[in-house]
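The lines below spell out each chain.
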Amino acid sequence: MSNIGIFVGSVYGNAQHVAEEVKAALTDSGLVSEVYNDPSIDDFQNASKVIFISSTTGMGDIPPNLEFFIQDLRDQMPLMANKPFAVAGLGDSSYGDTYCGAGNQIFTLLTELQGNPIADLLEVDACETLEPELEVVTWVKSLVKYLA
Ligand SMILES: Cc1cc2nc3c(=O)[nH]c(=O)nc-3n(C[C@H](O)[C@H](O)[C@H](O)COP(=O)(O)O)c2cc1C
């Protein structure tokens, strides 16, 4: 049975809300998942599939709640041995070059850890939608075959 880890980076709660909706959609599909907003390396290693949902803060930066965890991943480099992963970035294209910077950093890091991307980075633009959960849930449902 797969045990999907949903790792959330969120400052104001948008990505957290999206993650809760994704968990509900996975449950509807008969899949077991857990949302982590203060994860440990153990949580990361124990998940059989990995989904990151992260907003971007500052100038292309990782939200504070994930900052130390991401630094731990960079320091410890726990290799993923082809573990499936997907990353959704919430951002705002009015920030220009730093648009979805955190999502991009996470996608690059998981690739360096030798994870297996089951989709391209999904970029969700706050300029385009007020309901990021609709876009992300539709995207996750299209990936269920890789997450089962
Ligand atoms: C202070 C601040 C800085 C931000 N910096 C960026 C940025 O550099 N790039 C980007 O794409 N979005 C940026 N955003 C937009 C947020 O990522 C976006 O509003 C997101 O939906 C927030 O989700 P959250 O509530 O989960 O943190 C910024 C927002 C704020 C308030």
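Residues numbered from 1 in each chain as written. Predicted model: local features only at pLDDT ≥ 70, side-chain atom pairs only at ≥ 80, totals over all residues.

1. Things to note about the site of the ligand
Neighbouring residues of the ligand: 22 residues in total, closest Y12, N14, A15, S55 and G91. Breaking the shell around the ligand down by element, the ones donating at least two residues are α1 (14–28) and β4 (84–91). Residue composition of the shell around the ligand, grouped by class: 10 nonpolar, 11 polar and one charged. (Near = placed C-beta within 6 Å. Helix = DSSP H or I, 4+ residues; strand = E, 2+ residues; numbered from the N terminus. Nonpolar A, V, L, I, M, F, W, Y, C, P; charged D, E, K, R; others polar.)

2. What about helix α3 (residues 64–76)?
A rise of 1.5 Å per residue sets the reference length of α3, with its 13 residues, at 18 Å; its end C-alpha atoms lie 19 Å apart and thus fit the reference within 8%. For α3, the set of buried residues is L66, F69, I70 and L73. For α3, the buried positions fall inside an angular range of 105 degrees around the axis, keeping them on one side. The exposed residues of α3 that point more than 90 degrees off its buried face are P64, F68, Q71 and D75. Looking at the buried positions of α3, the neighbouring elements they touch are β1 (3–9), β3 (49–55) and α4 (101–112). Taken from the residues just after α3, M77 is the one with a positive phi, measuring 45 degrees. (Expected span 1.5 Å × (residues − 1). Buried ≥ 20, exposed ≤ 12 C-beta atoms within 10 Å, placed from the backbone. Arc of directions from axis to C-beta. Contact = placed C-beta atoms within 7 Å.)

3. Let's talk about α1
The end-to-end C-alpha distance of α1 is 21 Å, a good match for the 21 Å that 15 residues give at a rise of 1.5 Å each. Taken residue by residue, α1 has A15, V18, A19, V22 and L26 as its buried positions. Axial view of α1: buried residues confined to an arc of 100 degrees, hence all on one face. Opposite the buried face of α1, by more than 90 degrees, sit the exposed residues T27 and D28.

4. Thoughts on the nonpolar core
Residues I6, V22, I51, I53, V87 and V136 are the most contacted members of the largest nonpolar core, which totals 35 residues. Secondary-structure elements contributing two or more residues to this core are β1, α1, β3, α3, β4, α4, β6 (122–125) and α5 (132–142). (Core = buried A, V, L, I, M, F, W, Y, C linked by C-beta atoms within 7 Å.)

5. Describing the packing of α1 against α5
Running from N to C, α1 and α5 point in directions that differ by 35 degrees, and their axes come no closer than 9 Å. When the axes of α1 and α5 are compared, the crossing they make is right-handed. In this structure, α1 contributes N14, H17, V18, E21, V22, A25 and L26 to the contact, and α5 contributes P132, E133, V136, V137, V140 and K141. (Axes fitted to C-alpha atoms, helices over the stretch in contact; angles between N-to-C directions. Left-handed = near helix turned anticlockwise from the far one by under 90°.)

6. Considering unusual backbone geometry
Of note in the backbone geometry, A81 takes a positive phi value of approximately 50 degrees without being a glycine. Tracing the chain through its elements places A81 in the loop between α3 and β4. Overall, A81 belongs to the exposed group, with 9 C-beta atoms counted inside 10 Å. Located in the positive-phi region is C100, a residue other than glycine, with phi close to 50 degrees. Summarising the element assignment, C100 is placed in the loop between β4 and α4.

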